[in-house]
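Chain and residue survey
For reference, the chains in residue letters:
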Amino acid sequence: MATTTALPPDDREMTLGEHLRELRDRLLVVLGVTLVLMALVFPFSAGLVDAVLAHTVPAYVKITTYAPLELFKVRIMVCFIAAVCIGFPLLVYEAFRFAAPGLYPHEKRFLKVVFPFSLALFVAGAAVAYFVTLPLFFGLIIGHGADVAAPNLSLGQTFDIVTNLTLGFGVVFQVPLIIMLAVRMRLVRRETLASGRI
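So, how was this worked out
Residues numbered from 1 in each chain as written. Predicted model: local features only at pLDDT ≥ 70, side-chain atom pairs only at ≥ 80, totals over all residues. Heavy atoms only, no water. Core = buried A, V, L, I, M, F, W, Y, C linked by side-chain atoms within 4.5 Å. Buried < 20%, exposed > 50% of the residue type's maximum accessible area, 1.4 Å probe, protein only. Helix = DSSP H or I, 4+ residues; strand = E, 2+ residues; numbered from the N terminus. Contact = heavy atoms within 4.5 Å. Expected span 1.5 Å × (residues − 1). Salt bridge = Lys/Arg side-chain N within 4 Å of Asp/Glu carboxyl O. Phe/Tyr/Trp six-rings, centres within 6.5 Å; stacked < 30°, edge-to-face > 60°. Lys NZ or Arg CZ within 6 Å of the ring centre and 35° of its normal.

**So, the nonpolar core**
Most often, soluble globular proteins keep nonpolar side chains buried together rather than apart. Counting 14 residues, the largest nonpolar core has V49, F138 and F159 as the members making the most contacts within it. Residue assignment for this core shows that the elements contributing at least two residues are α2 (45-56), α3 (70-86), α5 (105-144) and α6 (155-172). Not counting residues within four places of it along the chain, the set of residues in contact with V49 comprises V74, R75, V78, L155 and F159. Membership of the second largest hydrophobic core comes to six residues, among which are M38, V41, C79 and A82.

**What about α3?**
Structural remark: α-helix, 3.6 residues per turn; residues separated by three or four positions point the same way. With 17 residues, α3 extends 24 Å between its outermost C-alpha atoms, agreeing within 8% with the 24 Å of an ideal straight helix rising 1.5 Å per residue. Considered for burial, the residues of α3 that qualify are E70, V74, R75, V78, C79, A82 and A83. Turning to α3, the residues buried within the fold contact α1 (16-41), α2, β1 (62-64), β2 (152-154) and α6.

**Considering the pattern of salt bridges**
Applying the stated criterion across every chain, the model contains three salt bridges. Between R26 and E22 there is a salt bridge, with the nearest N and O atoms lying 3.3 Å from each other. Separated by four residues within a single helix, R26 and E22 lie in helix α1, roughly one turn from each other. For E94, the salt bridge goes to R26, with nearest N and O atoms at 2.7 Å. Residue E94 is located in helix α4 (residues 88-99), and its partner R26 is located in helix α1; the two are separated by 68 residues in the primary sequence. Given the relative accessible area of 21%, R26 is considered partly exposed. Via salt bridges that share partners, E22, R26 and E94 belong to a single interconnected network.

**Points about the packing of aromatic side chains**
On inspection of all chains with the given rule, the structure shows four aromatic pairs. With a centroid separation of 5.0 Å and an interplanar angle of 90°, the aromatic rings of Y130 and F131 are classed as edge-to-face. Sitting over the ring of F42, R75 keeps its end group 4.3 Å from the ring centre.

**A few points about the environment of F122**
The topology assignment puts F122 in helix α5. On a C-alpha basis, the gap between F122 and K112 in space is 16 Å, while along the polypeptide they are 10 residues apart. For F122, the residues in contact, after removing those within four places along its chain, are L167, G170, V171 and Q174.

Now the structure itself:
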């Protein structure tokens, strides 16, 4: 006797071409809005760069550019990050609308519960990195040898450190959620985690 698998209520048969066209259309919407937001933010990007440097790098450190386009690239990067942050709700909406027809009701409810929690953890991690870790990092690393040599930092490399640490902390703060999901999905047993505590 043949068995049938219940499909999600909103699921409908689509060809690969239809899926790709829908994905293309949604990506174009997100890309278009991101470019517009970047253009709007660009006039303020120099001020944003100064604000980040003033917060993270000690005042006695000289920031230098070692390539003709280094400052421009940093300003573009700041504009992109700002545009993604501002347009993030649209990105989430388009991604959810693309995936929603193939999701069961309980999967949609699960995403609606988990995603805000995941976003809050990421923001918390990024905030800890930006407001606490980065000032301490630059203060300790640079201050340790300031009496030996005058510190000059590359603008591009400094912003790479700021970006990587901020994103890294945001990802690391996802670990409690990942562990909770692993336990819920029975990939890891509570007893195993308890026995591994130091």
